[in-house]
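Listed below, chain by chain, are the residues.
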Amino acid sequence: MKFRSLPEPGFAWPRWPNYGEEEAAAVSRVIASNQLYAKEEVLSFETAYAQFSSSSYALGVGNATQGLHLALAALGVGLGDEVIVTPYSWISSASCILMQNAIPIFCDIEDKTFGIDPIKLEECISERTRAVILVHMSGYPSRVHEIKTILAGRNIDLIEDASHAHGALAAGQRIGTVGRIGVFSLHQRKALAVGDGGIILTQERELYEKIRRLRSFGDQELSYNYRMSEFAAAIGKVRLQNLDDDNAIRRRNHSHLTEELGDVNEIEVVQPAPSDTAVFYAVLLRVHGELNARSKRLARLQNSGLPLKQTWDPLHRHPHFNPVVYPARGIPWQMDNYDGPMRDKIYAAVSLPVVESLCPHGLWELPVHPPVGDAEIEFAVEQLRHVFK
Ligand SMILES: Cc1ncc(COP(=O)(O)O)c(C=O)c1O
């Protein structure tokens, strides 16, 4: 195979999302209706998403960050409560805990699915633990059933941040329906992309009603305006019809990369657990080798036109949990009535060896959304093989 040191003229990794006439028609329909804030389009998108997910209820929101905040608010998590969360995620998975003035407890990840490690989870549970937020990163299901079993009978609620995992299955069950609440992002970069948007799933009528009240000016308790727009819902309905096909293409691209890179030292194409069906919002590559060499390789690959990026820094080191400016709402783990494990600790100093060894340099993400297909995957393989030879 001949190595192309530079992309072919005109080569560009396909853009995502690939909107077309149907999305344009959906937006025009909303404009023509003169009903722009949440009404019929949102209702019908919610019904369609609930059906797609085999979920009893679905609620559209403005984005997943709002959805995660609503989840904790609806479950009554607040001052003095601890919420166990993965340190490998986007900030929203953990900042929502501060929005309720509760205390995040970061639990290390396991090094296969890169979700919360069920064994370490046990060690993080205290009498203050009220909820666990796990994340199915890049569309690889976490060990959600195992974690649910650990929490059973303990009065600790499970929330799935399924922002990357639309259509994924854990042991045959739709992601987002295993925990009490599942939250999906519909941000432009996500596998079901509407620009900005989010969906919350729950199987419980009372919880559904509570979330609905908190979402839009419920009058008895502090509530929000976290509604989805009609535009987002109208686009969402179109995208949902393509989701299974889009996911099939992502899976095919993942298999293709797996076949072609199996013999390359220092790169591992990350595989989901055999019982699960991942959707590969991005394919994860685990990269080994010396740190400096990894950075140089990544820069060369990016220069060649591959949209590869290393993953995020671990969240326990994020400034939100290591504030340099005293926040007006206070610091929940420094309040007088809190005597839990974070009382006199500094988040950045907590030792989480697995996530610290992997994030940000040890995991690279390659988006493989359609129309990425054989030509792009072969190009990626050529570049990776060359750089890692
Ligand atoms: C894992 C995860 N959770 C939550 C969010 C927040 O999503 P949104 O942008 O819809 O608020 C993101 C966004 O990137 C994410 O990646």
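Since the structure is predicted, the reported quantities are computational estimates derived from the model, not experimental observations.

Notes on the environment of Asn292
- Tracing the chain through its elements places Asn292 in helix α9 (residues 291-303).
- On the basis of neighbour counts, which here come to 9 C-beta atoms within 10 Å, the residue Asn292 falls in the exposed class.
- The spacing of Asn292 and Thr177 is 115 residues in sequence and 42 Å in space, taken between C-alpha atoms.

Examining the packing of helix α1 (residues 21-33) against helix α8 (residues 230-261)
- Where α1 meets α8, the closest approach of the two axes is 9 Å, and the angle between their N-to-C directions is 145°. Considering how the two elements wind past one another, α1 and α8 form a crossing that is right-handed. Contacts between α1 and α8 pair Glu22, Glu23, Ala26, Val27, Arg29 and Val30 from the former with Glu230, Phe231, Ala234, Ile235, Lys237 and Val238 from the latter.

Examining the site of the ligand
- Contacts to the ligand come from 14 residues, most closely from Asn63, Ala64, Thr65, Trp90 and Ser185.
- Contributing elements (two or more residues each) for the shell around the ligand: α3 (64-74) and α4 (92-99).
- Taken together, the residues of the shell around the ligand break down into three nonpolar, 10 polar and one charged.

Here's the deal with the sheet that holds strand β3 (residues 103-106)
- With respect to topology, seven strands assemble into an open sheet ordered β1-β9-β8-β5-β4-β2-β3, the strand pairing being mixed. Either end of the sheet is taken by a strand with one partner, and the two such strands are β1 (57-61) and β3. Each neighbouring strand pair of the sheet contributes to a mean axis angle of 20°, computed without reference to strand direction.
- In this sheet, strand β4 (residues 129-135) lies alongside strand β2 (residues 82-85) in parallel orientation, the contact comprising four bridges. Bridge pairing links Val83 to Ala131 in β4.
- Packed onto the sheet, helix α2 (residues 40-52) meets β1 and β9 (198-202) and runs at close to 135° relative to β1.

Thoughts on the nonpolar core
- Among the nonpolar cores identified, the biggest contains 105 residues, and Ala71, Leu72, Val83 and Ile200 are the most heavily contacted of them.
- Here Leu72 is in contact with Val77, Val83, Cys96, Ile97, Gln100, Ala102 and Ala131, once residues within four sequence places are set aside.

Brief notes about the pairing of strand β11 (residues 283-287)
- When you tally the buried positions in β11, you get four out of five residues, the bulk of the element.
- Taken together, the four bridges between β11 and strand β13 (residues 363-366) define a ladder with antiparallel strand orientation. Bridge pairing in β13 places Val283 opposite Leu366.

Quick word on unusual backbone geometry
- In this structure, Pro17 follows Trp16 across a cis peptide bond, with omega equal to 0°.
- Mapped onto the elements of the fold, Pro17 is located in the segment before α1.
- Along the chain, Pro370 connects to Pro371 via a cis peptide bond; the corresponding omega equals 10°.
- By the secondary structure assignment, Pro371 is in the loop between β13 and α11 (374-387).
- A positive phi angle, close to 60°, is found at Asn34, a residue other than glycine.
- Looking at where Asn34 falls in the secondary structure, it is placed in the loop between α1 and α2.
- With 7 C-beta atoms packed within 10 Å, Asn34 lands in the exposed category.
- Notably, Glu266 is not glycine yet its phi reads approximately 75°, a positive angle.
- As for its position among the elements, Glu266 is in the loop between α8 and β10 (267-269).
- The exposure class of Glu266 is partly exposed, given the 15 C-beta atoms found within 10 Å.

Let's talk about the packing of α8 against α11
- It is the contact of α8 with α11, at a shortest axis distance of 10 Å, that shows an interaxial angle of 30°. Between α8 and α11 the crossing geometry is right-handed. Counting all contacts with α8, which are made through Asn253, His256, Leu257, Glu260 and Leu261, the residues of α11 involved are Asp374, Ile377, Ala380, Val381 and Leu384.
- Split into classes, the residues belonging to the contact of α8 with α11 amount to six nonpolar, two polar and two charged.

Describing the sheet that holds strand β12 (residues 309-310)
- In space, the four strands of this open sheet follow the order β10-β11-β13-β12, with antiparallel pairing throughout. Pairing within the sheet leaves two strands with one partner each, and these edge strands are β10 and β12.
- As paired strands, β10 and β11 are joined by three bridges and run antiparallel to one another. Residue Glu268 lies in a different strand from β11, and its bridge partner there is Arg286.

Analysis parameters
Position numbers for residues count from 1 along each chain, tracking the sequence in the order it is written. Only residues with pLDDT of at least 70 get local features here, since the model is predicted, and only at 80 or more are side-chain atom pairs given and counted; chain-wide, interface and lining totals rely on the full set of residues. Labels follow the DSSP assignment, with helices taken as runs of H or I lasting at least four residues and strands as runs of E lasting at least two, numbered in each case from the N terminus. Burial is judged by counting the other C-beta atoms within 10 Å of a residue's own C-beta: 20 or more makes it buried, 12 or fewer makes it exposed, and any count in between marks it as partly exposed, with every C-beta position built from the backbone. Lines fitted to C-alpha atoms define the axes, with helix axes restricted to the stretch in contact, and inter-axis angles between N-to-C directions lie between 0 and 180 degrees. Two helices cross in a left-handed way if the nearer one is turned anticlockwise from the farther one by less than a right angle. They cross in a right-handed way if the turn is clockwise. Placing C-beta atoms from the backbone, we regard two residues as in contact once those atoms come within 7 Å. Using a C-beta atom placed from the backbone, a residue is described as near a molecule or strand when that atom lies within 6 Å of it. Each residue gets one of three labels, nonpolar for Ala, Val, Leu, Ile, Met, Phe, Trp, Tyr, Cys and Pro, charged for Asp, Glu, Lys and Arg, and polar for the others, Gly among them. Here, strands pair whenever DSSP counts at least two bridges between them. Put simply, a nonpolar core is buried Ala, Val, Leu, Ile, Met, Phe, Trp, Tyr and Cys residues tied into one set by C-beta atoms within 7 Å.

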